[in-house]
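# Observations on the three-dimensional arrangement
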Amino acid sequence: MNQFSRKVQSIKMTSTTLNLVVAACNNRGIGVDGRLPWRIRQDIDFFKKITTETKDPEKKNAVIMGRKTWFSIPEKFRPLKDRINIVLSREMKEIESGVYLSKSLQEALELIKDRDLSSKVEHVYIIGGSSVYKEVMTGPYKCRLYLTRIMADFECDTFLPDIDEKVFQKIENPLNVPSGIHSENGINFQFEVYDKLQT
Ligand SMILES: NC(=O)c1ccc[n+]([C@@H]2O[C@H](COP(=O)([O-])OP(=O)(O)OC[C@H]3O[C@@H](n4cnc5c(N)ncnc54)[C@H](OP(=O)(O)O)[C@@H]3O)[C@@H](O)[C@H]2O)c1
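In this report, the structure presented in the accompanying data block is examined. Predicted, not measured: the structure shown is a model, and the values here were computed from it. (Residues numbered from 1 in each chain as written. Predicted model: local features only at pLDDT ≥ 70, side-chain atom pairs only at ≥ 80, totals over all residues. Heavy atoms only, no water.)

## Overview of the pattern of salt bridges
Applying the stated criterion across every chain, the model contains 8 salt bridges. Two residues, D82 and K81, come together in a salt bridge whose shortest N-O distance is 4.0 Å. Taking relative accessible area as the criterion, D82 reaches 42% and is therefore assigned partly exposed. A salt bridge links K170 to E192, with the nearest nitrogen and oxygen atoms 3.6 Å apart. Here K170 is found in strand 9 (residues 168–170), whereas its partner E192 is found in strand 11 (residues 187–196), with 22 residues between them in sequence. Its relative accessible area of 37% is what places K170 among the partly exposed residues. For E192, a relative accessible area of 5% puts it in the buried group. (Salt bridge = Lys/Arg side-chain N within 4 Å of Asp/Glu carboxyl O. Buried < 20%, exposed > 50% of the residue type's maximum accessible area, 1.4 Å probe, protein only. Helix = DSSP H or I, 4+ residues; strand = E, 2+ residues; numbered from the N terminus.)

Structure below.
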């Protein structure tokens, strides 16, 4: 490892916790045809609550997402309200005003540390899709995973990477998620939280 990559590595390791929020079904599927395969109101409400709430009323949370996830959000709900929206794309040249565009995850994280944003951001949420989850889960980031485990089968074309239980430790009875098995539209699901072990 040269001096530059060591410096980049140390920036990554000391960065704030990246909180991944994802709902996945039995085959770890998360999406189909550019949308969610299911409609579970309680999960949408959980997503909204966890990504929006801050302790400090002067601050907001940042949500980082890939380009396809951005476009999977119905236009009338974009950008996600009361959150700092950051979209990752190597191709897009512009995006509507008030939304940040970054060419890489690293660039997005540097943007958050930047003078303008650092005092305004409380937590950072990674909200998909597949390759962004993978980059965070397998990379040298401190991270927490909020998983809505959907106990059902759905046809999917987009998947969450395998959760390596040697790396991700399940938190028992986490405080900030509803406990137990829930049910909606005949679908059972539960909220789980995992912390990535620091190596
Ligand atoms: N169940 C859930 O919790 C959940 C959550 C999120 C999304 N979804 C579903 O997942 C699907 C969309 O996810 P997806 O995996 O197909 O796509 P995605 O990750 O949202 O978007 C992929 C695109 O994002 C950009 N991108 C990704 N990583 C990047 C990086 N490190 N640097 C720069 N750009 C990067 C690239 O855009 P360019 O090609 O423009 O360079 C890439 O083609 C939809 O079906 C959606 O409904 C489900």
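## Regarding the site of the ligand
By nearness alone, 30 residues border the ligand, and R67, T69, S89, R90 and S130 come closest of all. Between the ligand and the protein, one listed contact pairs an oxygen atom with a backbone N or O atom of L36 at 3.4 Å. Between an oxygen atom of the ligand and a main-chain N or O atom of R90, the distance comes to 2.8 Å. In isolation the ligand has 920 Å² of accessible area, and contact with the protein removes 88% of it. Of all the secondary structure elements, the ones that give two or more residues to the shell around the ligand are strand 1 (18–24), strand 2 (29–31), helix 3 (67–72) and helix 6 (130–138). For the shell around the ligand, the element with the highest residue contribution is helix 6, accounting for 5 residues. Classifying every residue of the shell around the ligand by side-chain character gives 11 nonpolar, 12 polar and 7 charged. (Near = heavy atom within 4 Å. Polar contact = N/O pair within 3.5 Å; in protein donor to acceptor, adjacent residues only side chain to side chain. Areas by Shrake-Rupley, 256 points an atom, 1.4 Å probe, with all protein chains shown as cover. Nonpolar A, V, L, I, M, F, W, Y, C, P; charged D, E, K, R; others polar.)

Scope: geometric values only; no functional claims are made or implied.
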